[in-house]
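Fold and geometry: a report
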Amino acid sequence: MRIAEQLGPETPTSPFPLKLAGPVAHGFKRGSKELGIPTANLPECTAQQASATIDTGIYYGWASVGSDEQIYPMVMSYGWNPYYKNTIRTAEVHIIHDFKHDFYNEQLRVIVAGFIRPELNYSSLDDLIADIKLDIECAELSLQRPEYQKLKLDTSLKPE
Ligand code: ADP
Ligand code: MG
């Protein structure tokens, strides 16, 4: 039910598509990998650029990494960074693909195509994981639409 409500507009609508890129930075290793949902962090400066355009929340779009030509669906969490006393934001990208290796320092290219939901606080880990699974389903469904498929052709996703 939530998914049907949250597919959003048929066409990416301003400020989307939003293009972000930078070498994958280290995060706080707060166990997202153990939960099966590793998030590749965009560098701080890239995350700050986005703050002019988007609010905190969960977003969906496309991503590519390093010299890999493949373009994958992704969900991105854009949130306050506790390490900096919540004065700056982090952009953390979970690519919907099972990678065999880490890719720290490789170039991560992202096109943010739409908004899924605001950030929420969870009292239980199970609730958090259940919601992330819904976010992933929502992203996959949203991205099947023709106007969102077209974004995969954008040159910003191509390796240098
Ligand atoms: P960190 O706190 O350093 O971000 P994570 O536990 O969130 O640690 O793991 C993120 C790292 O896992 C990424 O930087 C990347 O190298 C690797 N990784 C492997 N698979 C994925 C994936 N599907 N999506 C995002 N990152 C992935
Ligand atoms: Mg992470």
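Criteria and thresholds
Residues numbered from 1 in each chain as written. Chains lettered and ligands numbered in written order. Predicted model: local features only at pLDDT ≥ 70, side-chain atom pairs only at ≥ 80, totals over all residues. Heavy atoms only, no water. Donors = N, O, S within 2.8 Å, 3.2 Å for Na, K, Ca; no water. Buried < 20%, exposed > 50% of the residue type's maximum accessible area, 1.4 Å probe, protein only. Near = heavy atom within 4 Å. Polar contact = N/O pair within 3.5 Å; in protein donor to acceptor, adjacent residues only side chain to side chain. 1 Å grid on protein atoms, 1.4 Å probe; cavity = no way out; pocket = protein on both sides within 12 Å on 5 of 7 lines; lining within 4 Å. Sits in = over half its atoms within 2 Å of the grid points. Helix = DSSP H or I, 4+ residues; strand = E, 2+ residues; numbered from the N terminus. Nonpolar A, V, L, I, M, F, W, Y, C, P; charged D, E, K, R; others polar. Pairing = 2+ DSSP bridges. Phe/Tyr/Trp six-rings, centres within 6.5 Å; stacked < 30°, edge-to-face > 60°.

**Observations regarding the coordination of the magnesium ion (ligand 2)**
Protein coordination at the magnesium ion (ligand 2) comes from Thr39 (O), Thr39 (OG1) and Asn41 (OD1), with a distance range of 2.2 to 2.8 Å. With relative accessibility at 7%, the residue Asn41 sits in the buried group.

**Here we look at the site of ligand 1**
Around ligand 1, the surrounding shell holds 19 residues, and the nearest of these are Gly27, Lys29, Ser32, Phe103 and Tyr104. Take Thr39: an N or O atom from its main chain is 2.9 Å from an oxygen atom of ligand 1. Tyr104 places a polar side-chain atom, nitrogen or oxygen, 2.7 Å from an oxygen atom of ligand 1. If you map ligand 1 onto the pockets, it falls in the largest pocket. Among the secondary structure elements, those contributing two or more residues to the shell around ligand 1 are strand 2 (40-41) and strand 5 (89-95). Of the residues forming the shell around ligand 1, the biggest block, three residues, is contributed by strand 5. Residue composition of the shell around ligand 1, by class: nine nonpolar, seven polar and three charged.

**With respect to the pairing of strand 4 (residues 72-80)**
Within strand 4, seven of the nine residues are buried, leaving the element largely enclosed by the surrounding structure. Both strand 3 (residues 57-65) and strand 4 contribute to a ladder of seven bridges, which runs antiparallel. The residue bridging Gly61 from the neighbouring strand is Met74, located in strand 4. In textbook terms, the turn of a hairpin is the stretch between consecutive antiparallel strands, and for strand 3 and strand 4 this stretch comprises six residues, one of which, Gly66, has a positive phi near 55 degrees. Examined bridge by bridge, strand 4 and strand 5 share seven bridges and lie antiparallel to one another. Paired with Met74 across the two strands is Ile95, which belongs to strand 5.

**What about the packing of aromatic side chains?**
Applying the stated criterion across every chain yields a total of five aromatic pairs. Measuring from centroid to centroid gives 5.2 Å for Tyr72 and Phe99, while their planes differ by 70 degrees, and the two rings are edge-to-face. Of this pair, Tyr72 sits in strand 4 while Phe99 is found in the loop between strand 5 and strand 6 (107-117), placing the two residues 27 residues apart along the sequence. Judged by relative accessible area, which is 25%, Phe99 ranks as partly exposed. A connected cluster of aromatic rings, assembled from ring pairs, spans Phe16, Tyr59 and Phe115.

Note that all results are geometric; they support no functional claim without further evidence.
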